[in-house]
Each structure stands twice: as structure tokens, then as C-alpha cells.
Amino acid sequence: KSKLPVLLAISIALTALLASYSVYKRYQVETENRATSLAVEFENVESLASAQGIPIDKALTDLRAQGVNALVLSETTVGELLAKGQATLQTTLPRFPPSGYKVEPMSTLTFSDMNQVARAEKGLRIRFQALANRLEGRTPNVLDLPQVSPMLIRTTPIGLDPDQVDVSKRNGMMIIAR
């Protein structure tokens with residue numbers, strides 16, 4: 001008789017024992033973590049409040065009474081600042097003046113809301129890294145942007161809207177970032 005089947009049986013039993021310990025630990029962790037949340041997107045709360053003619057805080061209070069305890073906040077993009085009129089984007093095309101040298105295309109972002117300058121600059125630096133070394137402005141509300149497509153600039157994320165975060169915190173809502 002060969003001793004291989006005996007060793008095989010011992011190996012299988014030992015593997016099953018170790019696997020059951022791992023499954024037990026996983027079960028322990030999962031049974032302790034049974035938190036659930038009912039969440040709603042911030043934009044839907046704004047629409048609801050607007051349709052009912054009530055402030056957002058009142059709408060959140062009503063939703064909280066119905067079991068909603070989390071808000072889904074979407075990350076703002078430079079394009080959203082442009083759409084809200086908080087910034088304008090100007091792009092110049094490459095030119096070849098009579099002197100013969102090429103004038104590189106350039107984009108500038110001009111802000112009407114100074115609170116957004118630092119957020120936008122940080123987002124642009126994160127996205128474009130070494131290309132973003134030109135992020136300096138002639139005035140505090142202007143950023144000279146790297147030579148990239150205006151569409152890439154518009155789609156640059158700049159983080160969660162601080163006003164939405166404040167509303168969420170003020171109303172005791174958990175924040176789910178998207």
C-alpha cells in the first residue's frame with residue numbers, strides 16, 4: 001500500500017480546517033457591520049425643495065423624518081463653474097505673426113466668484129501635474145492654463161461643493177461622494 005492517500009487525506013482535512021477558520025473570521029466581521037443607509041442625491045433634494053417652495057433645510061428635515069440619512073454629492077467640475085457663471089474660459093488659437101515665430105495657444109480662466117479660484121487651481125494641478133506649472137494669473141481672479149484641450153479643462157473635477165457639504169453636515173446627513 002502507498003502512503004500517498006493517507007497524506008492526501010491529512011492535507012485535505014488540514015486545508016478544510018484552516019479554510020473554516022478564515023470563513024468564521026469573515027462571518028464575525030460581517031455580522032458586526034450591518035449598517036445601512038437610505039440616501040438621496042442632493043440635486044433631487046434641491047428639485048423637491050424648489051417644487052414645494054420650501055428651503056433645502058426643511059426638505060432635508062422632512063426626508064430625515066422619513067428615514068433618509070445620507071446625501072449623495074457629486075464632484076463639481078470646472079464646466080459647472082462655467083455653466084453657473086462663476087467663471088469664464090477664453091482660449092486663443094495658435095497664430096503666426098509676421099515676425100515668423102509661432103504664438104502658442106493659451107487659455108485663461110477668469111473667476112467672478114473668488115471662492116472658486118483655489119479649488120479650481122488645485123483640481124487643475126492634480127489633473128495636469130507638470131503641465132500646470134503655468135497656473136499663475138495677472139490678477140487674483142485669473143488663471144493662465146496649460147496648453148490642453150478646453151474640453152479637458154471643462155471636465156476637470158475640483159471636489160465637492162463646500163456649500164452642499166455644509167448643508168449636509170448642518171442637517172446631520174452622512175455624505176456619500178460620487
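Before any of the text, the structure's been laid out above.
Residues numbered from 1 in each chain as written. Predicted model: local features only at pLDDT ≥ 70, side-chain atom pairs only at ≥ 80, totals over all residues. Heavy atoms only, no water.

### Focus: the overall build of the protein chain
For the record, the criterion: Helix numbers and strand numbers start at the N terminus; a helix is a DSSP run of H or I with at least 4 residues, a strand a run of E with at least 2. With a 1.4 Å probe rolled over the protein chains alone, any residue whose accessible area is under 20% of its type maximum counts as buried; one over 50% counts as exposed, and the rest are partly exposed. In what follows, a contact means two residues having at least one pair of non-hydrogen atoms within 4.5 Å. Here, Shrake-Rupley sampling with a 1.4 Å probe gives the accessible areas, and only protein chains in the shown set may cover a residue.
Looking only at helices and strands, one finds seven helices and eight strands in the protein chain. Sorting the 178 residues of the protein chain into buried and exposed places 29% on the buried side. Residue pairs in contact within the protein chain that sit at least 24 positions apart in sequence constitute 65% of those at least 6 positions apart. Total accessible area on the protein chain stands at roughly 12000 Å², and carbon and sulfur atoms take up 59% of it.

### As for the nonpolar core
Under the convention used in this document: Throughout this description, the term nonpolar core refers to a set of buried Ala, Val, Leu, Ile, Met, Phe, Trp, Tyr and Cys residues connected via side-chain atoms within 4.5 Å.
Counting 17 residues, the largest nonpolar core has L109, F111, L124, L143, L145 and I153 as the members making the most contacts within it. Residue assignment for this core shows that the elements contributing at least two residues are helix 4 (78–83), strand 4 (87–92), strand 5 (106–111), helix 5 (117–128) and strand 6 (142–145). One finds A49, L63, V68 and L73 within the second-largest nonpolar core, a separate group that totals 13 residues.

### Things to note about helix 7 (residues 162–170)
Our working rule: Within this analysis, the arc is defined by the directions that extend from the helix axis to the C-beta atoms. The definition of a polar contact used here is a pair of N or O atoms within 3.5 Å, where within protein one atom must be able to donate a hydrogen and the other to accept one, and adjacent residues in sequence count solely through side-chain atom pairs.
Every buried residue of helix 7 is listed here: Q164, V165, V167 and S168. For helix 7, the buried positions fall inside an angular range of 160° around the axis, keeping them on one side. In this structure, helix 7 carries D163, K169 and R170 as exposed residues pointing more than 90 degrees from its buried face. Looking at the packing, one finds that the buried side of helix 7 touches helix 2 (42–52), helix 3 (56–65), strand 2 (70–73), strand 7 (157–160) and strand 8 (174–177). Two or three places before D163, at the start of helix 7, stands the capping residue D161, its side-chain oxygen 2.8 Å from that residue's backbone nitrogen.

### With respect to the environment of L124
For L124, the position within the fold is in helix 5. Here L124 falls in the buried class, since its relative accessible area comes to 0%. For L124 and L145, which are 21 residues apart along the polypeptide, the C-alpha to C-alpha distance reads 8.4 Å.

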